[in-house]
Amino acid sequence: LYNWIYARGVTDLEAMTNLSKDLRQRLAADFRIELPRVALHQRAQDGTRKWLLDFDDRNAAETVHIPEPDRGTLCISSQVGCTLTCAFCHTGTQRLVRNLAAGEIVGQVMLAQDALGARGAAEDRRKLTNIVLMGMGEPLYNYPNVKAALGLIMDGNGIGISRHRITLSTSGIVPEIGRCGEELGVLLAISLHAVTDELRDRLVPINRKYPLSELLQACRDYPAVKNARRITFEYVMLRDVNDGEAEARELTRLIAGIPAKVNLLPFNPWPGAEFECSTELAMQRFAAIVEKAGYVCTVRRPRGRDILAACGQLKTASERKPASAK
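Residues numbered from 1 in each chain as written. Predicted model: local features only at pLDDT ≥ 70, side-chain atom pairs only at ≥ 80, totals over all residues. Heavy atoms only, no water.

**Student:** Even after reading the chapter, I still don't get the overall build of the protein, so can you show me in this structure?
**Tutor:** Broken down by element type, the protein carries 10 helices and 12 strands. Its C-alpha atoms give the protein a radius of gyration of 20 Å, near enough to 20 Å, the size a compact globule of 326 residues would have. Considering the protein as a whole, with its 326 residues, one finds that 52% of them fall into the buried category. Sequence separation of at least 24 residues holds for 65% of the intrachain contacts in the protein that already meet a minimum separation of 6. Counting 43 positive and 38 negative side-chain charges, the protein places the averaged centre of each group 3 Å from the other. (Helix = DSSP H or I, 4+ residues; strand = E, 2+ residues; numbered from the N terminus. Rg over C-alpha atoms; globule rule 2.2 N^0.38 Å. Buried < 20%, exposed > 50% of the residue type's maximum accessible area, 1.4 Å probe, protein only. Contact = heavy atoms within 4.5 Å. Lys, Arg positive; Asp, Glu negative; His and termini not counted. Charge placed at Lys NZ, Arg CZ, Asp CG, Glu CD.)

Here it is, written out as structure tokens:
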């Protein structure tokens, strides 16, 4: 069963021909194998694809595939909505509805594999080579289910995507960061976005609970970090808010001694957003200062903006139901 479901992606019990007919009938009487339902599928001009996925309770989450010539990256969600209310993030305007179950997280990967034809031959598998937990929700606030899901995704006898090709992005849930490194060993990305506690308190409110000093110490202590497996610091570029040359120099001071690279994220607008994206010149100057300090610094090219599939743009219409309605 494990091989049929996770390695081959088969959901029809009758197709599992090396199981006895009697066993297949008994399984079919008690179980069903289903992937999330696609409520909406959109394709951006740049080839990025976004699926709005419905689950059994009619709540929904979004999954995004970003194609590249030599690889394909799937951005998956860990929650419906989010509890963190980061000021620049569209998902943060949607209240947390619930955690996704492990099967709902794995189901996003399996659905994308089927939609992309990314099984079997090596050439086909290149369509989906990397996983990033950067979709809706804070993965470390759903750690047990994320751990169970990644165990299936990373298993060589199952879906078989290496931990070296999986990145978990967190806004800084300090107590769970070390546990993630010890138990999963995946790549770590930190949604940093500010270099002072005062500004980060505003942009990433979880900073009030886990300030920069605690977060950066957790990064230094991360069990899987080394020069070959650096921590990625994500930094959204907000015009006249956090994009000055002084902030760039302070960033290099803060991360000194951590094997790291920096991703500068041009702000992706969404309806009602209070921010504007930094100018191209400001981003170039910021990157140059970080690179001069010895760090790889990339200005990420926005993908899927025209279908609200870019970083910080994901949101669904799912809402938390009152207790009396559950």
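**Student:** Please explain the environment of Ile-231 as it appears in this structure.
**Tutor:** Among the structural elements, Ile-231 can be located in strand S10 (residues 231-237). Residues Ile-231 and Val-186, 45 residues apart in the sequence, show an inter-C-alpha distance of 10 Å. Apart from residues lying up to four places away in sequence, Ile-231 is in contact with Leu-188, Ile-190, Cys-219, Tyr-222, Val-225, Ile-258, Pro-259, Ala-260 and Lys-261.

**Student:** For this particular structure, what's the right way to read the sheet that holds strand S9 (residues 187-191)?
**Tutor:** Across a sheet, strands are paired by hydrogen bonds formed along the backbone, either parallel or antiparallel in direction. Strand order in this open sheet of 10 strands is S1-S2-S3-S4-S7-S8-S9-S10-S11-S12, and the pairing throughout is mixed. Two strands close off the open sheet at either side, each with one partner strand: strand S1 (37-43) and strand S12 (296-299). Averaged over all neighbouring strand pairs, the angle between strand axes comes to 20°, with direction disregarded. In this sheet, strand S7 (residues 130-133) lies alongside strand S4 (residues 71-75) in parallel orientation, the contact comprising 3 bridges. When the sheet's bridge partners are listed, Leu-74 is paired in S7 with Ile-131. Against the sheet, helix H3 (residues 102-116) contacts S1, strand S2 (49-54), strand S3 (60-68), S4 and S7, and its axis sits at roughly 130° relative to S2. (Pairing = 2+ DSSP bridges. Axes fitted to C-alpha atoms, helices over the stretch in contact; angles between N-to-C directions.)

**Student:** When you look at the pattern of salt bridges in this model, what are you seeing that I'm missing?
**Tutor:** Side-chain pairing between opposite charges can occur once the charged atoms of the two side chains come close. A full pass over the atoms with the stated rule returns 19 salt bridges. With a shortest N-O distance of 3.1 Å, Asp-22 and Arg-26 are connected by a salt bridge. Placement of the pair is Asp-22 and Arg-26 together in helix H2 (residues 21-30), with a separation of 4 residues, close to one helical turn. Of the residues examined, Asp-22 reaches a relative accessible area of 45% and is grouped as partly exposed. Arg-98 is paired through a salt bridge with Asp-57; the nearest N and O atoms lie 2.6 Å apart. Taken together, the positions of Arg-98 in strand S6 (residues 98-99) and Asp-57 in the loop between S2 and S3 put the pair 41 residues apart, joining distant regions of the chain. Through salt bridges with shared partners, a single network forms among Arg-32, Glu-34, Arg-37 and Asp-56. (Salt bridge = Lys/Arg side-chain N within 4 Å of Asp/Glu carboxyl O.)

**Student:** I keep staring at the pairing of S4 and nothing clicks. Help me out?
**Tutor:** When a strand is regular, its side chains alternate between the sheet's two faces. For S4, the tally of buried residues reaches 4 of 5 residues, placing the bulk of the element in the interior. Where S3 and S4 come together, 5 bridges link them in antiparallel fashion. Looking at the pairing, Ile-66 lines up with Thr-73 of S4. Hairpin connection from S3 to S4: 2 residues lie between these consecutive antiparallel strands.

**Student:** I keep staring at unusual backbone geometry and nothing clicks. Help me out?
**Tutor:** A negative phi angle is the norm for most residues apart from glycine, just as the trans form is the norm for most peptide bonds. You will see that His-193, though not glycine, has its phi angle at about 70°, which is positive. Summarising the element assignment, His-193 is placed in the loop between S9 and helix H7 (197-203). The exposure class assigned to His-193 is buried, which follows from its relative accessible area of 3%. Look at Asp-240: it is not a glycine, yet its phi comes out positive at around 60°. Overall, Asp-240 belongs to the exposed group, its relative accessible area being 70%.

**Student:** Is there a simple way to explain the packing of aromatic side chains in this structure?
**Tutor:** Any two aromatic rings considered together are summarised by their centre-to-centre distance and by the angle between their planes. Using the criterion set out here, one finds 3 aromatic pairs in the structure. Considering the side-chain rings of Tyr-235 and Phe-286, the 5.0 Å spacing of their centres and the 35° angle between planes classify their relative orientation as tilted. With a gap of 51 residues between them, Tyr-235 in strand S10 and Phe-286 in helix H10 (residues 280-292) connect regions that are remote in the sequence. Each member of the pair, Tyr-235 together with Phe-286, is buried. With a centroid separation of 6.2 Å and 75° between ring planes, the pair formed by Phe-267 and Phe-275 is classed as edge-to-face. Note on Phe-267: relative accessible area 2%, which makes it buried. (Phe/Tyr/Trp six-rings, centres within 6.5 Å; stacked < 30°, edge-to-face > 60°.)

None of this, on its own, says anything about what the molecule does.
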